[in-house]
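The residues making up each chain are set out below.
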Amino acid sequence: MYRGKMKKKNIYFDELSSTKFFNLIEENSVKVLKTLKSDHRSSVKLIESDGKKYIYKIPMEKNTRKWQRFLSIFRGSEAKREFENLEKILRNGIDTAKPYFASETKKFGMVIDSYIIMEYIDGREGSMDDIEIICDTLEKIHSKGYLHGDSQLSNFILSNGICYVIDAKFNKSIFGKIAQAYEYIYLETSCGQSIKRYYKKHGIYSMIARLVDYYLIFWGKVRAFIKSLIKKDRYKKVEDIESKGSIFENLKEKAKNLKIKKQEENR
């Protein structure tokens with residue numbers, strides 16, 4: 001990864017020709033073919049330049065949330081970190097999207113805007129038909145001492161017989177085989193059916209990982225229940241306010257009617 005500066009913005013690129021994307025974005029002249037994702041977390045668009053397709057990703061949430069902005073003083077932008085992460089994955093011999101260009105804008109040392117341009121993989125999401133090659137890819141990641149970090153089925157893309165990983169955190173496996181076993185359980189959950197025959201068993205580690213999975217599911221349900229109670233309480237308060245308002249309005253209406261009645265009697 002090379003680093004530079006253009007118009008007071010930090011830029012990161014794989015080769016000098018990739019800096020062309022800066023002018024395209026700055027001049028708002030990038031050709032958008034399709035919006036692949038657009039929500040509070042990120043905006044992902046399929047763009048075209050010189051007849052070639054790319055992914056243009058803006059991490060909206062990380063760019064705008066105050067706490068994330070504060071953290072960016074120490075760790076840089078989400079776009080820069082993703083650029084570095086993709087390079088790390090490729091260096092370890094795992095197939096993923098190639099990063100081309102990233103930019104970040106800072107104010108008072110905090111990142112207030114960033115984006116990344118990366119390779120577009122023309123393929124399809126993984127399915128049960130591809131589970132064997134997906135498990136082999138996950139095993140390869142683990143053999144390097146890393147974890148995928150989000151090993152659900154949709155985060156494996158198949159193209160021309162090659163399995164590409166996307167949205168991978170690619171962190172070191174601190175909890176060893178327990179964490180590795182959990183990644184297969186997480187993948188299995190996203191498949192909706194057993195995939196045990198496609199990967200190596202980890203014995204006691206798989207049992208511990210399964211217990212961790214049960215605990216996380218249980219805790220998730222508890223949190224959802226607590227949130228539902230809080231929401232109900234909020235709705236109740238809103239209803240109370242509305243009912244009190246209705247009572248007040250009724251009293252005003254009665255007072256008004258009484259006043260009109262008295263005026264008529266005086267006549």
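Definitions and limits used
- Residues numbered from 1 in each chain as written.
- Predicted model: local features only at pLDDT ≥ 70, side-chain atom pairs only at ≥ 80, totals over all residues.
- Heavy atoms only, no water.
- Axes fitted to C-alpha atoms, helices over the stretch in contact; angles between N-to-C directions.
- Helix = DSSP H or I, 4+ residues; strand = E, 2+ residues; numbered from the N terminus.
- Parallel < 35°, antiparallel > 145°, perpendicular 65-115°, else oblique.
- Left-handed = near helix turned anticlockwise from the far one by under 90°.
- Contact = heavy atoms within 4.5 Å.
- Nonpolar A, V, L, I, M, F, W, Y, C, P; charged D, E, K, R; others polar.
- Phe/Tyr/Trp six-rings, centres within 6.5 Å; stacked < 30°, edge-to-face > 60°.
- Buried < 20%, exposed > 50% of the residue type's maximum accessible area, 1.4 Å probe, protein only.
- Lys NZ or Arg CZ within 6 Å of the ring centre and 35° of its normal.

A. A look at the packing of helix α5 (residues 131–143) against helix α6 (residues 176–191). Contact pair α5 / α6: the axes reach a minimum separation of 11 Å and the direction vectors enclose 155°. Taken together, the axes of α5 and α6 lie roughly antiparallel to each other. As α5 packs across α6, the resulting crossing turns out to be right-handed. Residues Ile131, Ile134, Cys135, Leu138, Glu139 and His142 of α5 lie in contact with α6, whose contacting residues are Gln180, Glu183, Tyr184, Leu187 and Cys191. Here the contact of α5 with α6 is composed, by residue class, of 7 nonpolar, 2 polar and 2 charged.

B. The packing of aromatic side chains, seen in detail. Counted according to the given criterion, the structure contains 10 aromatic pairs. A centroid spacing of 5.3 Å and a plane angle of 85° characterise the contact between tyrosine 54 and tyrosine 100, whose relative ring orientation is edge-to-face. You can see tyrosine 54 sitting in strand β5 (residues 52–58) and its partner tyrosine 100 sitting in strand β6 (residues 99–107), a full 46 residues away along the chain. Across the pair, exposure class does not vary: tyrosine 54 and tyrosine 100 are buried alike. For the ring pair phenylalanine 70 and phenylalanine 74, a centre distance of 5.5 Å and an interplane angle of 80° mean the geometry is edge-to-face. Of this pair, phenylalanine 70 and phenylalanine 74 both sit in helix α3 (residues 66–75), 4 residues apart, which is roughly one turn of that helix. By relative accessible area, which is 36% here, phenylalanine 70 ends up partly exposed. A connected cluster of aromatic rings, assembled from ring pairs, spans Phe22, Tyr56, Phe101 and Tyr115. Taking NZ or CZ as reference, lysine 172 lies 4.4 Å from the ring centre of tyrosine 146, over its face.

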